[in-house]
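Observations on the three-dimensional arrangement
Here is how the chains run, residue by residue.
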Amino acid sequence: MVGIDEVARLAGVSAATVSRALSGNGPVSAEARAKVESTAHDLRYVVSSTASSLASGRTRSIGVVMPRLNRWFFSSVLERAERALLRAGYDLTLYNLGGGDDERRSVFEHFLRRRRVDAVIAVALELTAAEISGVLVLDKPIVGVGGPLRGVTSLAIDEVAVARLATDHLIRLGHTTSLHIGIDDHELAEFFQLTTVAQYPLGQGELAADSLMAQLEPSRSKRSALTVSLPFELIVRSSTARPPER
């Protein structure tokens with residue numbers, strides 16, 4: 001089995017540099033990181049997750065909590081977040097909170113507060129102050145998706161602006177009541193020619209992962225850990241049209 005010393009020797013760096021480059025913990029020049037990653041790939045060297053966790057205090061796993069799984073929005077956010085986290089070398093641990101208060105209490109008071117995850121993504125959940133502080137006190141960052149969370153990075157669309165955009169569209173067509181406007185742009189919306197406001201849940205999942213990386217590994221992230229206002233777009237299809245003349 002290839003060891004860290006062999007990777008260091010062939011890459012021409014120290015074992016400590018190899019550890020920092022592959023774990024993301026500590027400063028490493030871009031040139032050294034590229035050399036280490038290339039050498040490790042050629043040798044098929046895989047960092048021991050157990051050893052890495054013991055050395056760094058990290059599990060390299062992100063906890064995702066969401067109210068349910070059987071909705072297109074939630075599964076879309078999860079899909080892209082997982083892909084982005086895997087690229088960054090992190091696993092994903094999913095907690096479905098659809099089982100009631102006891103299950104939710106168990107997740108926040110036990111699972112997330114133990115050293116099983118390095119950070120948390122909360123999808124479409126309104127967390128209590130106690131739930132947030134219980135995680136933050138252990139130096140585990142939280143990112144909220146689908147609504148603001150007090151005191152932590154949150155990714156959310158401007159719901160007032162979205163409602164105004166959809167309403168203005170109907171008013172311009174000459175409507176005085178609305179039975180037409182939807183949010184999300186579900187993958188079947190185009191098939192049924194539904195006018196809707198797209199909020200791009202795949203992109204939200206990737207932004208959530210990037211925002212956590214900005215807090216866990218600032219040297220490797222391209223984003224800053226600031227609250228992000230998410231993009232949205234009116235998608236006009238045939239379900240909206242001018243009302244018939246009377």
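Look up a bit, the structure's there.
So, a few notes on the structure that sits alongside this text.

Calculation criteria
- Residues numbered from 1 in each chain as written.
- Predicted model: local features only at pLDDT ≥ 70, side-chain atom pairs only at ≥ 80, totals over all residues.
- Heavy atoms only, no water.
- Helix = DSSP H or I, 4+ residues; strand = E, 2+ residues; numbered from the N terminus.
- Expected span 1.5 Å × (residues − 1).
- Buried < 20%, exposed > 50% of the residue type's maximum accessible area, 1.4 Å probe, protein only.
- Contact = heavy atoms within 4.5 Å.
- Polar contact = N/O pair within 3.5 Å; in protein donor to acceptor, adjacent residues only side chain to side chain.
- Pairing = 2+ DSSP bridges.
- Axes fitted to C-alpha atoms, helices over the stretch in contact; angles between N-to-C directions.

**Examining helix 8 (residues 159-173)**
Between the first and last C-alpha of helix 8 there are 22 Å, a value that for 15 residues agrees with the 21 Å anticipated at 1.5 Å per step. Regarding helix 8, the residues found buried are Ala161, Val162, Ala166, His169, Leu170 and Leu173. Residues of helix 8 that are buried make contact with strand 6 (182-184), strand 7 (196-198) and strand 9 (233-235). For helix 8, the capping residue at the N-terminal end is Asp158, with a side-chain oxygen 3.2 Å from the backbone nitrogen of Val160. Following helix 8 by one or two positions, Gly174 has its phi on the positive side, about 105 degrees.

**Here's the deal with the sheet that holds strand 4 (residues 142-145)**
With parallel pairing, the six strands of this open sheet are ordered in space as 2-1-3-4-5-8. Only two strands of the sheet have a single neighbouring strand rather than two, namely strand 2 (91-96) and strand 8 (228-229). Relative to strand 8, strand 5 (residues 153-156) runs parallel, the two sharing two bridges. Counterpart to Leu155 in the pairing with strand 8 is Val228. Docked against the sheet, helix 9 (residues 201-216) engages strand 1 (61-66), strand 3 (119-123), strand 4, strand 5 and strand 8, running at close to 165 degrees with respect to strand 4.

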